[in-house]
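# Coordinates in review
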Amino acid sequence: VPTPTEPYLSNSPSLSPDDPPTGGSVGTLRPTFSEGSSSPSISSSPSIPCIITEASEYDCGDSITVTFSFEDALTTDWIGIYPCEDEVFFHSIVWQWSCGSPYCSDPVPSGTIVFDSLPYYNAFGPHTWPIAPSYDENGDINRCFKAVLLRSDGPSVPPYIALCESNHFIINETDSPECQVGTRQPTEVPFQLTNS
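In this report, the structure presented in the accompanying data block is examined. (Residues numbered from 1 in each chain as written. Predicted model: local features only at pLDDT ≥ 70, side-chain atom pairs only at ≥ 80, totals over all residues. Heavy atoms only, no water.)

## Some details on the sheet that holds strand 6 (residues 77-83)
Strand pairing in a sheet relies on backbone hydrogen bonds. The paired strands run either parallel or antiparallel. Reading across from one edge, 4-12-11-6-7 is the order of the five strands in this open sheet, with mixed pairing throughout. One side of each edge strand has no neighbouring strand; the edge strands of this open sheet are strand 4 (57-59) and strand 7 (94-97). The average angle at which neighbouring strand axes cross in this sheet is 30°, direction not considered. The sheet contact formed by strand 6 and strand 7 spans four bridges and is antiparallel. Paired with Ile81 across the bridge in strand 7 is Val94. (Pairing = 2+ DSSP bridges. Helix = DSSP H or I, 4+ residues; strand = E, 2+ residues; numbered from the N terminus. Axes fitted to C-alpha atoms, helices over the stretch in contact; angles between N-to-C directions.)

Structure follows, in structure tokens:
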């Protein structure tokens, strides 16, 4: 099945479920093409999870275990953690390759990723660990997050293609200095190149 080259359904109601009381998922999404059409349509299979987290609430610094399953996997698939309000996916707070390494030679259609530190390849960009509640653009406290299975398409220029989103989960602040509300400040430009 060909893969569409543009983001699709990132704000579809089937991809943003109401917060389930525990775990939960939004189902597997499969792009399909009608005969003579170059536009994909997406069908959802709610009985087969696409991406889920093992809990609906965490304290800042807790490990976040994400389980995923996507039949049409590619080596460029990865999982990022984003605020719930994000519908277009630029830079995630933290991310990992779905195969667990930047040197994937085979696609991984299903597996489990544990977020418990900042992977070394997250050094480029506005990534951080642990994930602390932060202020949104309206000045309100955001404690709601989601895991998103994404695909890098082309030269890895965001926004990225969202394959599916997890249930929403809450991250609470703790007494640790890096886990206080507002510790992580959003960054529009992760770094600047200089001529030196």
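## Some details on the side chain of Asn167
Note that Asn167 resides in strand 12 (residues 161-172). When its relative accessible area of 1% is taken as the criterion, Asn167 is described as buried. At 2.9 Å, the side chain of Asn167 and the side chain of Thr53 are in polar contact. (Buried < 20%, exposed > 50% of the residue type's maximum accessible area, 1.4 Å probe, protein only. Polar contact = N/O pair within 3.5 Å; in protein donor to acceptor, adjacent residues only side chain to side chain.)

## Let's talk about the state of the cysteines
By definition, a disulfide links the sulfur atoms of two cysteines through a covalent bond. A full pass over the atoms with the stated rule returns four disulfides. Residue pairing for Cys50: its cysteine sulfur links by disulfide to Cys164, the two sulfurs lying 1.9 Å apart. Negative torsions about the S-S bond denote left-handed disulfides, and the value of about -70° found for Cys50 with Cys164 makes this one left-handed. Of this pair, Cys50 sits in the loop between strand 2 (40-45) and strand 3 (51-53) while Cys164 is found in strand 12, placing the two residues 114 residues apart along the sequence. Among the residues examined, Cys50 registers a relative accessible area of 0% and is labelled buried. The disulfide partner of Cys84 is Cys144, and the S-S distance across this bridge is 2.0 Å. Linking Cys84 and Cys144, the disulfide has an S-S dihedral of approximately -75° and is accordingly described as left-handed. Here Cys144 lies in strand 11 (residues 144-151) and Cys84 lies in the loop between strand 6 and strand 7, a separation of 60 residues in the sequence. When the cysteines of the chain that form disulfides are numbered from the N-terminus onward, they connect as 1-7, 2-8, 3-6, 4-5. (Disulfide = S-S within 2.5 Å.)

## Observations concerning the sheet that holds strand 5 (residues 64-69)
Strand order in the open sheet formed by three strands is 3-5-8, and the pairing between neighbours is antiparallel. Each edge of the sheet is formed by a strand with only one pairing partner; in this case those strands are strand 3 and strand 8 (110-115). Going from strand to strand, the sheet's axes swing by 20° on average, the running direction of each strand aside. As defined by bridge partners, strand 5 adjoins strand 8 across six bridges and the pair is classed as antiparallel. Within strand 8, the position partnered with Thr67 by the bridge is Thr112.

## Some remarks on the packing of aromatic side chains
What describes a pair of aromatic rings is the distance from one ring centre to the other and the angle between the planes of the rings. Inspection of the entire model under this criterion finds eight aromatic pairs. Their ring planes at 80° and their centres at 5.4 Å tell us that Tyr58 and Phe169 sit as a pair that is edge-to-face. Taken together, the positions of Tyr58 in strand 4 and Phe169 in strand 12 put the pair 111 residues apart, joining distant regions of the chain. Owing to a relative accessible area of 4%, Tyr58 belongs among the buried residues under this scheme. Their ring planes at 85° and their centres at 5.1 Å tell us that Trp95 and Trp97 sit as a pair that is edge-to-face. (Phe/Tyr/Trp six-rings, centres within 6.5 Å; stacked < 30°, edge-to-face > 60°.)

## Points about unusual backbone geometry
Residues apart from glycine generally show negative phi values, whereas peptide bonds are mostly found in trans. The omega torsion across Trp129 and Pro130 is 5°, close enough to zero to call that bond cis. With respect to the helices and strands, the residue Pro130 is situated in the loop between strand 8 and strand 9 (134-135).

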